[in-house]
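Chain residues, written in single-letter form:
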Amino acid sequence: MREGHHGEGPGAFTPDGCAVQMYERMTVGDEPETIALGARSGARTLLELGSGAGRVTHALVERGWSVTAVDESPEMLARVRGARTVAAGIEELRLDERFDVVLLASYLVNTAEAQACRALLDTCRAHVADDGVVLIQREGAGWHENVPRVREYPGGAVHMLGSEPIDGDETLRAVRMLYEYPDARWVHEFRSRVFTEAGFADLLAGSGLAVEDLLDEAGTWVRAVPVH
């Protein structure tokens, strides 16, 4: 496990503490619609960075996308269907091709490690077509407030049990989640970084990207474009 990350429950775990069996159970939300909204007209090829077990992948394939799914976990990728799969860490990924859409979802951009965050965005920039877009899902404003809280979804519920500052730094958070089903439960602990809008824009600029638009009212989904 990476420092500050931990997972508990049945089955295998990824290095960042994600439970493979739990992600296999989770159902897709409104991500496919948001991706369609953020993509350019006629876009077809999509690079999904951190696909997990294919929760979003499968819905995208059903909608006609040509998806390349990347994940560092072979156990996760073994559950992906209908897409080309690449077992690799996102930070080191360098494919000799560009895509209409590069997708960095699941709040991966909020990793607490600054160097890792820059590497994630560098990978996005390296693989987006000149006229393509990078779609980023980030923690929305107030995501670390009103804790504990619970959100129910088909078949289960996710509890945000805690979010505490690390070493007194309010922008670095130690987060504890509980994923609960009738027959199983998983705990996931990880570290997260909170961004201001200006700080997020500067972060993207450092990797040759710029915010073009926000795709939802909460500002969770960002459409970024390459800077030429």
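Placed above this text is the structure.
Residues numbered from 1 in each chain as written. Predicted model: local features only at pLDDT ≥ 70, side-chain atom pairs only at ≥ 80, totals over all residues. Heavy atoms only, no water.

**A few points about the nonpolar core**
Then, in step 1: Counting residues in each nonpolar core, the largest one holds 24 residues, and the members touching the most others are Leu-47, Leu-49, Val-102, Leu-121, Val-134 and Ile-136.
Then, in step 2: When residues of this core are traced back to their parent elements, those giving at least two are β2 (45-49), β5 (99-104), α5 (114-127), β6 (128-137), α6 (197-205) and β12 (221-226).
Then, in step 3: If you tally residues by element for this core, the top one is α5, at 4 residues.
Then, in step 4: With 19 residues, the next largest nonpolar core counts Trp-65, Val-67, Ala-83 and Trp-221 among its residues. (Core = buried A, V, L, I, M, F, W, Y, C linked by side-chain atoms within 4.5 Å. Buried < 20%, exposed > 50% of the residue type's maximum accessible area, 1.4 Å probe, protein only. Helix = DSSP H or I, 4+ residues; strand = E, 2+ residues; numbered from the N terminus.)

**Let's talk about the packing of aromatic side chains**
Then, in step 1: Considering all chains together, one arrives at 4 aromatic pairs under this definition.
Then, in step 2: Between Tyr-107 and Trp-143 the ring centres are 5.5 Å apart and the planes differ by 55 degrees, which places this aromatic pair in the tilted class. Separated by 36 residues along the polypeptide, Tyr-107 in the loop between β5 and α5 and Trp-143 in the loop between β6 and β7 (149-153) bring together distant segments of the chain.
Then, in step 3: You can call Tyr-107 partly exposed: its relative accessible area is 29%.
Then, in step 4: Each ring, one from Tyr-181 and one from Trp-186, has its centre 6.0 Å from the other, and the planes form 85 degrees; the classification is edge-to-face.
Then, in step 5: Its relative accessible area of 9% is what places Tyr-181 among the buried residues.
Then, in step 6: One aromatic cluster is present, built from ring pairs that chain together Tyr-153, Tyr-181 and Trp-186.
Then, in step 7: Cation over ring: Arg-25 sits above Tyr-181, and NZ or CZ is 5.1 Å from the ring centre.
Then, in step 8: Residue placement shows Arg-149 over the ring face of Trp-143; its charged tip is 5.8 Å from the ring centre. (Phe/Tyr/Trp six-rings, centres within 6.5 Å; stacked < 30°, edge-to-face > 60°. Lys NZ or Arg CZ within 6 Å of the ring centre and 35° of its normal.)

**Comments concerning the sheet that holds β5**
Then, in step 1: Ordered by their spatial adjacency, 7 strands build an open sheet running β4-β3-β2-β5-β6-β12-β11, and the pairing between neighbours is mixed. Edge positions in the open sheet fall to β4 (84-87) and β11 (209-214), since each of these has one partner strand only. For this sheet, the mean inter-axis angle between neighbouring strands, taken without regard to orientation, is 25 degrees.
Then, in step 2: Where β2 and β5 come together, 4 bridges link them in parallel fashion. Across the sheet, the residue bridging to Glu-48 is Leu-103, located in β5.
Then, in step 3: Contacting β6, β11 and β12, α6 crosses the sheet at an angle of about 135 degrees to β11. (Pairing = 2+ DSSP bridges. Axes fitted to C-alpha atoms, helices over the stretch in contact; angles between N-to-C directions. Contact = heavy atoms within 4.5 Å.)

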